[in-house]
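# Structural characterization, general
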Amino acid sequence: MRDLPWPAKVYLVAVIAAAAAFIGHSVLTDGLVSSENLGVLLVLALLFLVCESMPTLLNVEQFAVSVSFSAALAAVVLIGPEGAALVGLTAVLSVRPGLPLIKRLFNGAQFAICGYAAGWVYQWLGGVSGVPKVNAFDDLIGPYAVATAVFVPLNILLTLTMIWLATRVRAMEVPLRGMAQFLLSYLGYGTFGLLVAGLWATVQSISAVLVLLPLFVARWALGQYHAQQKSYDATIAALAQAVETKDYYTRGHCRRVSLASGMIAQEIGMGLERLRAIRYAGMLHDVGKLGVPTKVLQKEGPLTEEEFAAIQLHPMRGLEIVRGIDFLDEAFAGIMHHHERHDGKGYPMGLAGDEIPEFARIIAVADAFDSMTSDRSYRGARPVEVAVGELHKGAGSQFDPEMVNAFVRALERSPWQPPRPVEPPPAEATQTTTKDHDDPTMPIEVVSGP
């Protein structure tokens with residue numbers, strides 16, 4: 001806990017205190033859980049604990065999700081708010097390897113709060129707590145649906161608030177609009193709780209065993225999605241690394257362009273799927289250089305018109321290389337057109353203004369900014385303030401002013417960390433070019449004739 005920022009510590013204590021207050025109030029007023037509900041509580045707590053101990057990792061460092069909350073929602077129907085809070089509290093006992101006590105306490109407290117709130121709403125809407133009767137089951141569906149709609153968003157809100165206070169990672173680096181798909185899938189998994197409650201009326205405790213299969217299928221589906229995304233990321237990283245082996249001074253350039261592109265995309269409110277695609281496009285924007293002769297990329301001094309034409313073809317070469325990768329989706333447009341200019345003087349097609357795809361307008365700004373703030377063989381890195389000034393200078397001619405302004409706003413919230421200074425390459429290393437077609441302050445020189 002000593003490593004947490006003080007706002008996160010205050011929030012943690014407040015969440016734990018709130019959970020303790022809810023449970024304490026229940027003990028004083030209702031005696032918590034009746035003896036006839038004790039067996040139900042133990043079965044649901046065990047079901048919750050099993051699922052909570054085997055979560056699925058997401059594409060966010062140290063963040064995982066599980067479908068354990070379905071057991072807490074089942075407790076809303078079978079026991080009531082107090083039982084749902086106690087079932088959620090069992091997250092403290094999770095046997096997940098390497099999970100610190102602080103996280104256990106927070107997870108247990110926030111699940112207890114969510115369970116109590118959902119149970120209170122369920123009863124307020126007329127839902128009856130206890131083993132449902134077959135002829136009265138339809139009456140539970142409405143209150144249960146609203147209780148689920150309270151539990152799931154509250155659970156996500158409490159968790160994301162803690163992440164933000166502890167790490168200053170705003171909403172997992174995902175726009176709020178991009179959370180819609182994740183929220184809807186969680187609401188769907190909440191129906192398993194109603195399934196447990198419904199089965200309990202006929203097979204009682206065996207219902208928890210029966211529902212384990214679909215719960216673990218749901219967990220497997222989440223895991224498959226995560227594994228698929230990791231596979232995609234590895235493919236993109238391998239292609240980007242292949243590009244950067246052609247120039248000693250551009251190591252990390254693709255990753256930084258991807259990061260900057262994502263910052264701009266978030267600032268303009270891009271959705272989750274498009275945000276992922278723009279990051280892929282940023283990683284692969286220069287993949288077409290694999291199709292440009294290395295001697296041209298590394299040539300010192302001015303290029304001939306033929307050599308410069310080969311450089312200008314690299315966006316089209318990039319499209320040819322990645323065309324068969326289906327998951328890139330809209331990234332194709334960013335790769336193809338990231339060297340178009342707002343005034344129509346760019347390449348490969350001379351598009352202007354809104355004719356240029358949005359992805360390409362974003363990458364053009366990110367690409368130029370990283371080129372200016374990185375070391376090159378022909379100059380040192382420019383300060384961020386100088387690079388921002390150059391972006392403003394080129395707004396309306398080379399760059400889309402809207403994307404420049406969006407990037408500047410993003411930089412004000414999340415200051416840019418320039419790459420480490422590049423050590424001179426060893427004597428046996430390949431040559432590096434003395435000019436850079438991505439750097440608006442040091443363009444490649446082109447001469448006519450052979």
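Remember, it's a predicted structure, so these values are computed and weren't measured experimentally.

Running from amino to carboxyl end, helix α10 (residues 253-267) crosses helix α11 (residues 272-284) at an angle of 150 degrees, the nearest separation of the two axes being 7 Å. The angle between the axes of α10 and α11 places the two elements in the roughly antiparallel class. When you trace α10 past α11, the crossing you get is right-handed. Along the contact surface, α10 presents C254, R255, V257, S258, S261, G262, A265 and Q266, while α11 presents L275, I278, R279, G282 and M283. Its residues placed into classes, the contact of α10 with α11 shows six nonpolar, five polar and two charged.

Let's shift gears to the packing of aromatic side chains. For the structure on display, the rule yields nine aromatic pairs. Consider the rings of F48 and F111, whose centres lie 5.2 Å apart with planes at 85 degrees: the pair is edge-to-face. Placement of F48 in helix α2 (residues 38-52) and of F111 in helix α5 (residues 101-124) is noted, with a sequence separation of 63 residues between them. Residue classification places F48 among the buried positions, given a relative accessible area of 0%. Relative to W416, the ring of F407 has its centre 6.5 Å away and its plane inclined at 75 degrees; by these criteria the two rings are edge-to-face. Looking at W416, the relative accessible area reads 8%, which means it is buried.

Further remarks concern the nonpolar core. Soluble globular proteins tend to pack their nonpolar side chains together in the buried interior. Counting 56 residues, the largest nonpolar core has L44, F69, V87 and F151 as its most contacted members. Elements supplying a minimum of two residues to this core: α1 (6-30), α2, α3 (69-78), α4 (81-89), α5, α6 (138-167), α7 (180-189) and α8 (191-203). Per-element tally for this core: the top contributor is α6, with eleven residues. Setting aside its immediate chain neighbours within four residues, L44 contacts A71, A74, A75, L78, I79, V87 and V196. Within the second largest apolar cluster, 47 residues are counted, among which are M283, I325, L328 and V404.

Omega for the bond connecting Y347 with P348 falls within 30 degrees of zero, at 15 degrees, which places this linkage in the cis form. Examined against the element boundaries, P348 turns out to sit in the loop between α15 (331-337) and α16 (358-372).

Residues with a pLDDT of 70 or more make up 77% of the chain, whose mean pLDDT is 79. Confidence drops under a pLDDT of 50 for residues 169-178, and excluding neighbours within four residues, the segment shows 25 contacts in the predicted structure. Here residues 429-434 scores under 50 on pLDDT; set against residues more than four positions off or in separate chains, the count is 20 contacts.

About the thresholds
- The residue numbering used here restarts from 1 in each chain and proceeds along that chain's sequence as written.
- Local features in this predicted model are restricted to residues of pLDDT 70 or higher, and side-chain atom pairs are both shown and tallied only at a pLDDT of 80 or more, whereas totals for entire chains, interfaces and linings draw on every residue.
- Water and hydrogen atoms play no part in the side-chain values, which are based on all heavy atoms of the structure.
- Only C-alpha atoms enter the line fits that serve as axes; for helices the fit covers just the stretch in contact. Angles between N-to-C directions range over 0 to 180 degrees.
- Counting from the N terminus, the helices are the DSSP runs of H or I reaching at least four residues and the strands are the DSSP runs of E reaching at least two.
- Any angle from 65 to 115 degrees is called roughly perpendicular, while one under 35 is roughly parallel, one over 145 is roughly antiparallel, and all others are oblique.
- Crossing handedness follows the turn of the near helix against the far one: under a right angle anticlockwise gives a left-handed crossing, and clockwise gives a right-handed one.
- It only takes one pair of heavy atoms within 4.5 Å for two residues to be counted as in contact.
- Note that Gly is not counted as nonpolar here; it falls among the polar residues with everything else outside the nonpolar set of Ala, Val, Leu, Ile, Met, Phe, Trp, Tyr, Cys and Pro and the charged set of Asp, Glu, Lys and Arg.
- For this analysis, a ring pair means two rings from Phe, Tyr or Trp (six-membered ring only for Trp) whose centres lie within 6.5 Å, classed as stacked if their planes differ by under 30 degrees, edge-to-face if by over 60, and tilted for the remaining angles.
- Burial classes: relative accessible area under 20% of the type maximum marks a residue as buried, over 50% as exposed, and values in between as partly exposed (1.4 Å probe, protein chains only).
- Among buried residues, the Ala, Val, Leu, Ile, Met, Phe, Trp, Tyr and Cys ones that are joined through side-chain atoms within 4.5 Å form a nonpolar core.
- Scored between 0 and 100, pLDDT is the confidence that the predictor attaches to each residue.

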